[in-house]
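# Structural overview
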Amino acid sequence: MSEIKDQKFVYDFTEGNKDLKDLLGGKGANLAEMTNLGLPVPPGFTITTEACKVYLESGAEPPALRDEVSAHLAALEEAMGKKLGQADNPLLVSVRSGAKFSMPGMMDTVLNIGLSDASVEGLARQSGDERFAWDSYRRLIQMFGKTVLGVEGELFEEALDEAKKAKKVTVDTDLEPADLKKLVRTFKKIVKNEAGRDFPQDPREQMDLAIKAVFDSWNGDRAKLYRRQERIPHDLGTAVNVCTMVFGNLGPDSGTGVAFTRDPASGHQGVYGDYLQNAQGEDVVAGIRNTVPLAELESIDKTSYDRLMAIMEKLENHYRDLCDIEFTIERGQLWMLQTRVGKRTAGAAFRIATQLVDQGLIDEAEALQRVTGAQLAQLMFPRFDEKATVEKVARGIAASPGAAVGKAVFDSYTAVKWSRSGEKVILIRRETNPDDLDGMIAAEGILTSRGGKTSHAAVVARGMGKTCVCGAEELEVDTKRRRMTVPGGHVVEEGDVISIDGSTGKVYLGEVPVVPSPVVEYFEGRMHAGADDADELVQSVHRMMAYADRRRRLRVRANADNAEDALRARRFGAQGIGLCRTEHMFLGERRQYVERLILADTDAEREDALKALLPLQKGDFVELFEAMDGLPVTVRLLDPPLHEFLPDITELSVRVALAESRKEPHENELRLLQAVHRLHEQNPMLGLRGVRLGLVIPGLFTMQVRAIAEAAAERIDAKGDPRVEIMIPLVGTVQELELVREEAEQVIAEVAQSSGVELDLALGTMIELPRAAVTAGQIAEAAEFFSFGTNDLTQTVWGFSRDDVEASFFTAYLEKGIFGVSPFETIDKDGVGSLVRHAVEAGRATRPDIKLGVCGEHGGDPESVHFFHEVGLDYVSCSPFRIPVARLEAGRAAAQSAGSDSR
């Protein structure tokens, strides 16, 4: 308790800096930084995230907080020469949230704190603008009622709409003072009826309640949902920023806007942003009124425009990154209300990173920290075929790129409901607000008829990598009737399919066909970066991949089972095959040979079946080793239970019953049914599979090893360079591995002698059982390499059956915060990861030169790649499509590690 008592909970803007985001939140830290830079920032102070944590944990503010706030408020009043909410010349403040990580629109803000029935008259006299004063007051009641008192926001919107209808106007700026006074009375009645109390007239009570509301909003449903989506920790808390109000709604020489130092959608340099005359900040972000492009500010107010351009350049050079800026102009005076490193699309991230390198602002290592594997994966998604014959019906603002196709839905609830039933949907709204977040997450894309590149829909969609088209003004969106009317009168009903292109802003009726992205064509070798006609984006990706490849320690292999996949993986930059699943070679027409093996009653029948499989396996391996000539190929011996190669038990039972009823011959089907019953297991994934199969069925593994060895010998005879590793699956004890190894070495020696070539085939195992990880030191005595099978290791550590649990309760676990992310998607560092770490250390203690890799799909997950770099694996292996992602993340991990070491 004494620690809390002695803690400082409030900082003036002059006391902080941009490196104090943990304490002051992103907004507070950056307001302090701009103040330090001498930029025009309205005076104010920040209540720390630590105060929020105390409040959330105890349900009460820290005892000293009120006195600290009072002291800083008094200092602010003295500096401004007026008191909060005083009747004749009121000081007004905003109360804004500001967490460490940007969460646009997810938490609460209240503007114009300090206005009351008395002070609104003083503001009117002070400003000389009665309309402005009453407009500010109605905004306060509306925001306070919704945010602090929990009044339904639509009630205020409906009252505002009624006021505009009564006046026969369409925009709120056309309402006169008398109209706004009447609206204020209406709003106060709504508060009284819905909240059960009057709107507070005491300005300090307003501020205190607003501060508590911001604290509470950290645990609001939309904030928690956003944090889960963005993987932001739940225990950070939010800071609260109390800032002197400056007003953009004082007339045509005032306004508010949002600016970017570069285009957040494309990364191109230029003047990007939105401006709205005679408005307050929420009007721009909410998209309630359509803005004008920021460039038009030059003709509206050139002095402010020139000053803003200079500040934008200063901020970008200072932060060495794209900056997102909020500003207000009050009667020709420019004020900076916020800056932060701006969210951007995947393409913009790659372009901006290379541009900043060229400008000398950052180096290659820093550039790698400005992009992510998830962004690269987005760039590899297909795009619309521009040559397709389709009907374009509208064009809006290209807010967040991508090609999205789905059924039209008009509210968040329907988007979530339809998505959960497997439908792909496009969420259509006039404009989105934070309450639409769950629908935005569920939708393939978002389409709005209002708003610009800085609207809520645009900012949130870019952050999520979701396709978005905003401000398609030609569209008439009727959410109540669940329909949209496009130019020409055609009506799109809920459930009709539409397509939206977030790269061009185009909206189409029906489904538009897609083509591969230029980034995939580059990786496939069909587009060469550096050529005169090469796409700028592809060149940026090419450079970033070169940066990553130069820095990474981890090698990247592919999971590939045939020559075609292997060749594609090689084009994508694979440095070998980390997992060839031989069971995939037994599918299709070859099932009959597996059936013969299972049904064999004698050793001779079993040997005949194995002999039939041998040349087929050998042919597959020859093709694979040729495709990967000179690179390592890890071949896993047969792993799954044999029953997987037999017909479904129900289907087979029906066939036997029908044959018996018709008195038709069915001896083979009957034998198959008996075999299915004989091999049936309650939990086959923990039954007769992997190494157990090889030990129980004589000749199975030796046939595979012989096929591998003969294929390697044939490639050597053909002057090839096969580098083969044989992997024994599901080993739980070193004795299992020793028995299989002894047989394998004997077969390899026989093939070497008969072929007259020297064979150097490595023998190792998968570590996919907890016991194998715990006893890795012993197992390493018989293994030249380990490959961590993290899919099965995750199942066995957690006690999960992946095929069952993901559909049955994972959604609930994610919603309840038990998981931040599925452990099958990103490695569980504390559980599964600790076993991997132990096995690495124990394996290397026994055999210092042991080769270590991972072949589960975690090998292509960005966050997991960083973990595998940290624990010291030699390589990761993943599906061919994810190889570029793994290469990039391996480079990022190395650069990040080097940066940490240097500090």
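For the structure itself, look to the data block above.
Only a predicted model underlies this, so the values are computations on that prediction, with no experimental measurement involved.

Analysis parameters
Residues numbered from 1 in each chain as written. Predicted model: local features only at pLDDT ≥ 70, side-chain atom pairs only at ≥ 80, totals over all residues. Heavy atoms only, no water. Helix = DSSP H or I, 4+ residues; strand = E, 2+ residues; numbered from the N terminus. Expected span 1.5 Å × (residues − 1). Buried < 20%, exposed > 50% of the residue type's maximum accessible area, 1.4 Å probe, protein only. Arc of directions from axis to C-beta. Polar contact = N/O pair within 3.5 Å; in protein donor to acceptor, adjacent residues only side chain to side chain. Patch = residues over 30% accessible without salt bridge, like charges linked within 9 Å, V, L, I, M, F, W, Y side chains within 5 Å. Areas by Shrake-Rupley, 256 points an atom, 1.4 Å probe, with all protein chains shown as cover. Salt bridge = Lys/Arg side-chain N within 4 Å of Asp/Glu carboxyl O. Lys, Arg positive; Asp, Glu negative; His and termini not counted. Charge placed at Lys NZ, Arg CZ, Asp CG, Glu CD. Pairing = 2+ DSSP bridges. Right-handed = clockwise from strand over helix to strand, strands pointing away. Contact = heavy atoms within 4.5 Å. Axes fitted to C-alpha atoms, helices over the stretch in contact; angles between N-to-C directions. Parallel < 35°, antiparallel > 145°, perpendicular 65-115°, else oblique. Left-handed = near helix turned anticlockwise from the far one by under 90°. Nonpolar A, V, L, I, M, F, W, Y, C, P; charged D, E, K, R; others polar. Core = buried A, V, L, I, M, F, W, Y, C linked by side-chain atoms within 4.5 Å.

## Some details on helix α14 (residues 346-358)
- Taking 1.5 Å of rise per residue, the 13 residues of α14 would be expected to cover 18 Å, and the 19 Å separating its terminal C-alpha atoms lies within 8% of that figure.
- Across the 13 residues that make up α14, a large majority, twelve, are buried.
- When we look at burial in α14, the residues that qualify are Ala346, Gly347, Ala348, Ala349, Phe350, Arg351, Ile352, Ala353, Thr354, Gln355, Leu356 and Val357.
- After α14 finishes, the residue glycine 360 shows a positive phi value of roughly 80°.

## Notes on helix α22 (residues 563-571)
- If you check which residues of α22 are buried, you get Ala563, Ala566 and Ala569. The buried residues of α22 occupy an angular sector of 120° when the element is viewed end-on, so they sit on one face.
- Here α22 starts with a cap whose side-chain oxygen sits 3.2 Å from the backbone nitrogen of glutamate 564, and that cap is asparagine 562.
- Of the residues trailing α22, glycine 573 is marked for its positive phi of about 105°.

## Things to note about a negative patch on the surface
- Taken together, Glu152, Glu154, Glu157, Glu158, Glu162 and Glu194 make up a surface patch of like negative charges.
- The biggest single contributor to the negative patch is helix α7 (residues 153-167), with four residues.

## Digging into the pairing of strand β15 (residues 425-429)
- When you tally the buried positions in β15, you get five out of five residues, the bulk of the element.
- In β15, alternate side chains face the same way, and those of Val425, Leu427 and Arg429 on one face and Ile426 and Ile428 on the other are all buried.
- With three bridges joining them, strand β14 (residues 403-409) and β15 adopt parallel strand pairing. Of the residues in β15, the one forming a bridge with valine 409 is leucine 427.
- With helix α17 (residues 412-420) bridging β14 and the parallel β15, this β-α-β connection has right-handed handedness.
- With four bridges joining them, β15 and strand β16 (residues 445-448) adopt parallel strand pairing. Paired with isoleucine 428 across the two strands is leucine 447, which belongs to β16.

## Observations regarding the environment of tyrosine 11
- Assignment of secondary structure puts tyrosine 11 in strand β1 (residues 10-12).
- Owing to a relative accessible area of 18%, tyrosine 11 belongs among the buried residues under this scheme.
- Sequence-distant contacts of tyrosine 11, defined by excluding residues within four places in its chain, comprise Leu23, Leu24, Phe45, Thr46, Thr48 and His72.

## Topic: the pattern of salt bridges
- As enumerated under the stated definition, the model contains 58 salt bridges in all.
- Between aspartate 108 and arginine 222 there is a salt bridge, with the nearest N and O atoms lying 3.0 Å from each other. With aspartate 108 in the loop between β3 (93-99) and β4 (109-113) and arginine 222 in helix α10 (residues 221-230), the pair connects residues that are 114 residues apart, well separated along the chain.
- Overall, aspartate 108 belongs to the buried group, its relative accessible area being 12%.
- Between arginine 450 and glutamate 431 there is a salt bridge, and its shortest N-O distance comes to 3.1 Å.

## Some details on the sheet that holds strand β7 (residues 269-277)
- The antiparallel open sheet is built from five strands, whose spatial order is β8-β7-β6-β9-β10. The strands lining the two open edges of the sheet, one partner per strand, are β8 (292-293) and β10 (333-341).
- By the bridge criterion, seven bridges tie strand β6 (residues 255-262) to β7 in an arrangement that is antiparallel. Looking at the pairing, glycine 255 lines up with glutamine 277 of β7.
- Relative to β10, helix α13 (residues 302-319) is tilted by about 25°, and along the sheet it contacts β6, β7, β9 (323-330) and β10.

## Concerning the sheet that holds strand β27 (residues 723-728)
- If you trace the eight strands once around the closed barrel, you get β24-β25-β26-β27-β28-β29-β30-β31, paired in parallel fashion. Across the sheet, the mean angle from the axis of one strand to that of its neighbour is 25°, orientation sign disregarded.
- As defined by bridge partners, strand β29 (residues 785-788) adjoins strand β30 (residues 851-854) across four bridges and the pair is classed as parallel. What sits directly across from serine 787, in β30, is glycine 853.

## A look at unusual backbone geometry
- Look at lysine 168: it is not a glycine, yet its phi comes out positive at around 60°.
- Structurally, lysine 168 can be placed in the loop between α7 and α8 (177-195).
- For arginine 482, which is not glycine, the phi torsion reads 55° and is therefore positive.
- Locating arginine 482 in the fold gives a position in the loop between β18 (476-478) and β19 (483-485).

## Describing the packing of helix α6 (residues 130-147) against α8
- Between α6 and α8, whose axes approach to 9 Å, the crossing angle comes to 20°. What the angle tells us is that α6 and α8 run roughly parallel. α6 and α8 meet at a crossing whose hand is left-handed. Judged by residue contacts, Glu130, Arg131, Trp134, Asp135, Tyr137, Arg138, Ile141, Gln142 and Gly145 of α6 engage Pro177, Leu180, Lys181, Leu183, Val184, Phe187, Lys188 and Val191 from α8.
- Of the residues that constitute the contact of α6 with α8, the class distribution is nine nonpolar, two polar and six charged.

## Some points on the side chain of serine 217
- As for its placement among the helices and strands, serine 217 is situated in helix α9 (residues 203-217).
- Serine 217 sits in the buried class, given a relative accessible area of 7%.
- From its side chain, serine 217 meets the backbone nitrogen of aspartate 108 in a polar contact 3.3 Å long.
- Ignoring any residue separated from it by four or fewer positions in sequence, one finds serine 217 in contact with Met106, Met107, Asp108 and Ala223.

## A closer look at the environment of alanine 74
- Tracing the sequence through the fold places alanine 74 in helix α4 (residues 65-80).
- Looking at alanine 74, the relative accessible area reads 41%, which means it is partly exposed.
- With 513 residues separating them in the primary sequence, alanine 74 and leucine 587 have C-alpha atoms 78 Å apart.

## Some thoughts on the nonpolar core
- Counting residues in each nonpolar core, the largest one holds 136 residues, and the members touching the most others are Leu376, Val541, Phe625 and Leu759.
- Among the elements that make up this core, the one with the highest residue count is helix α28 (residues 700-717) (ten residues).
- Each residue touching leucine 376, except ones within four places of it in the same chain, is listed here: Phe350, Val519, Phe523, Val541, Met545, Pro884, Val885 and Leu888.
- In terms of nonpolar packing, the next biggest core, distinct from the first, is built from 58 residues, Tyr55, Tyr137, Val151 and Phe187 among them.

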